[in-house]
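# Coordinate analysis (summary)
Spelled out from the first residue to the last, the chains are:
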Amino acid sequence: MSEQRNARTAASRPTTPSGGSAGGPSFVHPIEPDSQRLEAGAATFRMLADPTRLHILWLLTQGPADVGTLVTATGANRTAVSQHLAKLRLSNLVSTRKVARNIVYSIIDGHLTRLILEGVNHADHRVTGEPTHD
């Protein structure tokens, strides 16, 4: 009986235009992007176009971090890192939470994490001359 109820529940969940259920993630978006999606994508890529911001985001793919940790890891000065984090926060690419007296930054979602990791992997192939692959 519970198997039938589970099947009915799954079948009754609304789906999104991108193929996922309304309550769950979708990893593939098979629709052709409209102008709004293309602009949102271009805005994200513009935020990734700065090497220091890309480095900060790559570090955040490894886990949440505060400004001091990011300053040490990037070698950039505190003011520059803070300004980059402010831009990333205003662009909704990172989120923040307060832990004691520190603000901890996190990457916003798995799509962005995968984009950054794939971009850095692509760059590694370009720099090292390693052959491309799927």
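Here goes a summary of the coordinates provided. (Residues numbered from 1 in each chain as written. Predicted model: local features only at pLDDT ≥ 70, side-chain atom pairs only at ≥ 80, totals over all residues. Heavy atoms only, no water.)

## Concerning the nonpolar core
Leu57, Leu60, Leu70 and Val81 are the most contacted members of the largest nonpolar core, which has 20 residues in total. Considering each element in turn, this core owes the most residues, four residues, to helix α3 (residues 51-61). When residues no more than four places from it in sequence are discounted, the contact partners of Leu57 are Leu48, Leu88, Val94, Ile107, Leu112 and Ile116. (Core = buried A, V, L, I, M, F, W, Y, C linked by side-chain atoms within 4.5 Å. Buried < 20%, exposed > 50% of the residue type's maximum accessible area, 1.4 Å probe, protein only. Helix = DSSP H or I, 4+ residues; strand = E, 2+ residues; numbered from the N terminus. Contact = heavy atoms within 4.5 Å.)

## What to know about the pattern of salt bridges
Per the counting criterion, the structure on display carries two salt bridges. Where Asp34 meets Arg37, a salt bridge forms, and the shortest distance between an N and an O atom there is 2.9 Å. Classification of Arg37 as partly exposed rests on a relative accessible area of 43%. Salt-bridge contacts for Glu39 lead to Arg46; the nearest nitrogen and oxygen are separated by 2.7 Å. (Salt bridge = Lys/Arg side-chain N within 4 Å of Asp/Glu carboxyl O.)

## Things to note about the packing of α3 against helix α5 (residues 78-90)
Where α3 contacts α5, the axes come no closer than 10 Å and their chain directions differ by 75 degrees. Taken together, the axes of α3 and α5 lie roughly perpendicular to each other. For the pair formed by α3 and α5, the contact residues are Thr52, Arg53, Ile56 and Leu57 on the first element and Val81, His84, Leu85, Lys87 and Leu88 on the second. Counted by class, the contact of α3 with α5 contains five nonpolar, two polar and two charged residues. (Axes fitted to C-alpha atoms, helices over the stretch in contact; angles between N-to-C directions. Parallel < 35°, antiparallel > 145°, perpendicular 65-115°, else oblique. Nonpolar A, V, L, I, M, F, W, Y, C, P; charged D, E, K, R; others polar.)

## Examining helix α2 (residues 35-48)
Over its 14 residues, α2 runs 20 Å from end to end, which matches the ideal 20 Å to within 8%, given 1.5 Å per residue. All buried positions along α2 are accounted for by Thr44, Met47 and Leu48. One side of α2 carries all its buried residues, which in axial view fall inside an arc of 105 degrees. Summarising the geometry of α2, the exposed residues directed more than 90 degrees from the buried face are Ser35, Leu38 and Phe45. Next to the buried residues of α2 lie α3, α5 and α6 (110-128). (Expected span 1.5 Å × (residues − 1). Arc of directions from axis to C-beta.)

## A short note on unusual backbone geometry
Note: most residues except glycine have negative phi, and most peptide bonds are trans. Here the phi dihedral of Asn92 falls at roughly 60 degrees; this positive angle occurs in a residue that is not glycine. Secondary-structure assignment places Asn92 in the loop between α5 and β2 (94-99). Residue classification places Asn92 among the exposed residues on the basis of a relative accessible area of 57%. In this model, Ala100 sits at a positive phi of 55 degrees, which is unusual for a non-glycine residue. Secondary-structure assignment places Ala100 in the loop between β2 and β3 (102-107).

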